[in-house]
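# Residue-level structure breakdown
One letter stands for each residue in the lines below.
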Amino acid sequence: RKEVEQDPGPFNVPEGATVAFNCTYSNSASQSFFWYRQDCRKEPKLLMSVYSSGNEDGRFTAQLNRASQYISLLIRDSKLSDSATYLCVVNKNGGFKTIFGAGTRLFVKA
Amino acid sequence: NAGVMQNPRHLVRRRGQEARLRCSPMKGHSHVYWYRQLPEEGLKFMVYLQKENIIDESGMPKERFSAEFPKEGPSILRIQQVVRGDSAAYFCASSPPERRNEQFFGPGTRLTVL
């Protein structure tokens, strides 16, 4: 079993749609959680950290369920520019040993 | 404040040659991480370094691969006697000492082995 698992997609949605990505992790000792975004042939960029209480940044909402070892990302009112691969990232031991999921690809169409 | 810099951006080598990939972290960042990404796959952690120290190299192949982060100059990922399976994008990331969780990535080096 992979340490971090994501649905690979792709998700094809129209502009304005709401889309949700899920991620599960296997190591209960994991301490920090993030969503990154990666455009085709570009480097990953930090989208947002994920906190136990849940957090929101504009159209993006991240949730963490430690008991279920589950992380989610919700994108509301999808834009064409949201098309990218979204990477679920889990970190333990205070900083290094970062594990990236394989990513979920999103295509937003007009 | 310049971001993480990597060079070269593209590198072509023939089987058996050596590849040297360089990474300059963001100003003020003392932690460097190297990752490899194969086509259509996620990033795989390779090594974590601080200045003059390798902290965690559990993701590095046992042979042909080495990394350093000298006191002066960029971090270097060195691949000796490259094989076709080494073809990938190699990303470097850096983080500040007080927030090691937040990693900022460079543009990557795309290595092609002929």
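Values in this document were obtained by computation on a predicted structure and should not be read as measured data.

Along the chain, serine 49 of chain A falls in strand 5 (residues 44–50). If we skip the residues at most four places from it in the chain, serine 49 of chain A touches Phe33, Phe34, Asn55 and Ala62 of chain A.

Okay, the interface of chain A and chain B next. By a frequent convention, interface size equals the accessible area lost on bringing the separate parts together. Taken together, the contacts link 20 residues of chain A with 20 residues of chain B. Buried surface at the junction of chain A and chain B, summed over both partners, amounts to about 1,700 Å²; 51% is from carbon and sulfur atoms. Our count for the chain A to chain B interface comes out at 0 salt bridges. If you list the elements that add at least two residues to the side of chain A that touches chain B, you get strand 4 (32–38), strand 5, strand 9 (84–91) and strand 10 (98–100) of chain A. Ranked by the residues each element gives to the side of chain A that touches chain B, the list is headed by strand 4 of chain A, at 4 residues. In the side of chain A that touches chain B, the residues fall into 8 nonpolar, 7 polar and 5 charged.

Enumeration according to the criterion identifies 2 disulfides over all chains in this entry. Here cysteine 23 of chain A pairs with cysteine 88 of chain A through a disulfide, and the sulfurs are 2.0 Å apart. As the torsion about the S-S bond is roughly -75°, the cysteine 23 of chain A-cysteine 88 of chain A disulfide counts as left-handed. On the criterion of sequence distance, the pair formed by cysteine 23 of chain A in strand 3 (residues 19–25) and cysteine 88 of chain A in strand 9 is long-range, its members being 65 residues apart. The class of cysteine 23 of chain A is buried, set by a relative accessible area of 0%. For cysteine 23 of chain B, the disulfide goes to cysteine 92 of chain B, at an S-S distance of 1.8 Å. Disulfide cysteine 23 of chain B-cysteine 92 of chain B: torsion about the S-S bond near -50°, hence left-handed. With cysteine 23 of chain B in strand 3 (residues 19–24) and cysteine 92 of chain B in strand 9 (residues 88–95), the pair connects residues that are 69 residues apart, well separated along the chain. The exposure class of cysteine 92 of chain B is buried, given its relative accessible area of 0%.

With that out of the way, let us pick up unusual backbone geometry. Following glycine 9 of chain A, the chain continues into proline 10 of chain A via a peptide bond in cis, with omega recorded as 5°. By the element assignment, proline 10 of chain A lies in the loop between strand 1 (4–6) and strand 2 (11–14). That bond from asparagine 7 of chain B to proline 8 of chain B is cis: its omega, -5°, falls within 30 degrees of zero. Note that proline 8 of chain B resides in the loop between strand 1 (5–7) and strand 2 (10–13). Even without a glycine there, the phi angle at arginine 64 of chain B is positive, about 75°. Among the structural elements, arginine 64 of chain B can be located in the loop between strand 6 (53–56) and strand 7 (65–68). Residue classification places arginine 64 of chain B among the partly exposed residues on the basis of a relative accessible area of 25%. In this structure, glutamine 81 of chain B is a non-glycine residue whose phi angle is positive, near 45°. With respect to the element layout, glutamine 81 of chain B can be found in the loop between strand 8 (75–79) and strand 9.

Bringing the layout of surface pockets into the picture now. Estimated volume of the largest pocket: approximately 680 Å³. Taken together, 28 residues make up the lining of the largest pocket; nearest its centre are Arg105 of chain A together with Gln37, Pro39, Glu40 and Glu41 of chain B. Elements represented by at least two residues in the lining of the largest pocket include exactly strand 9 and strand 11 (104–109) of chain A together with strand 9 and strand 11 (109–113) of chain B. For the lining of the largest pocket, the leading source of residues is strand 11 of chain A, giving 4 residues. Its residues assigned to classes, the lining of the largest pocket comprises 13 nonpolar, 8 polar and 7 charged.

Cut-off values and rules
Residues numbered from 1 in each chain as written. Chains lettered and ligands numbered in written order. Predicted model: local features only at pLDDT ≥ 70, side-chain atom pairs only at ≥ 80, totals over all residues. Heavy atoms only, no water. Helix = DSSP H or I, 4+ residues; strand = E, 2+ residues; numbered from the N terminus. Contact = heavy atoms within 4.5 Å. Buried area = accessible area lost by both parts, 1.4 Å probe. Salt bridge = Lys/Arg side-chain N within 4 Å of Asp/Glu carboxyl O. Nonpolar A, V, L, I, M, F, W, Y, C, P; charged D, E, K, R; others polar. Disulfide = S-S within 2.5 Å. Buried < 20%, exposed > 50% of the residue type's maximum accessible area, 1.4 Å probe, protein only. 1 Å grid on protein atoms, 1.4 Å probe; cavity = no way out; pocket = protein on both sides within 12 Å on 5 of 7 lines; lining within 4 Å. Points joined across faces, edges and corners; volume = space filled by probe spheres on them.

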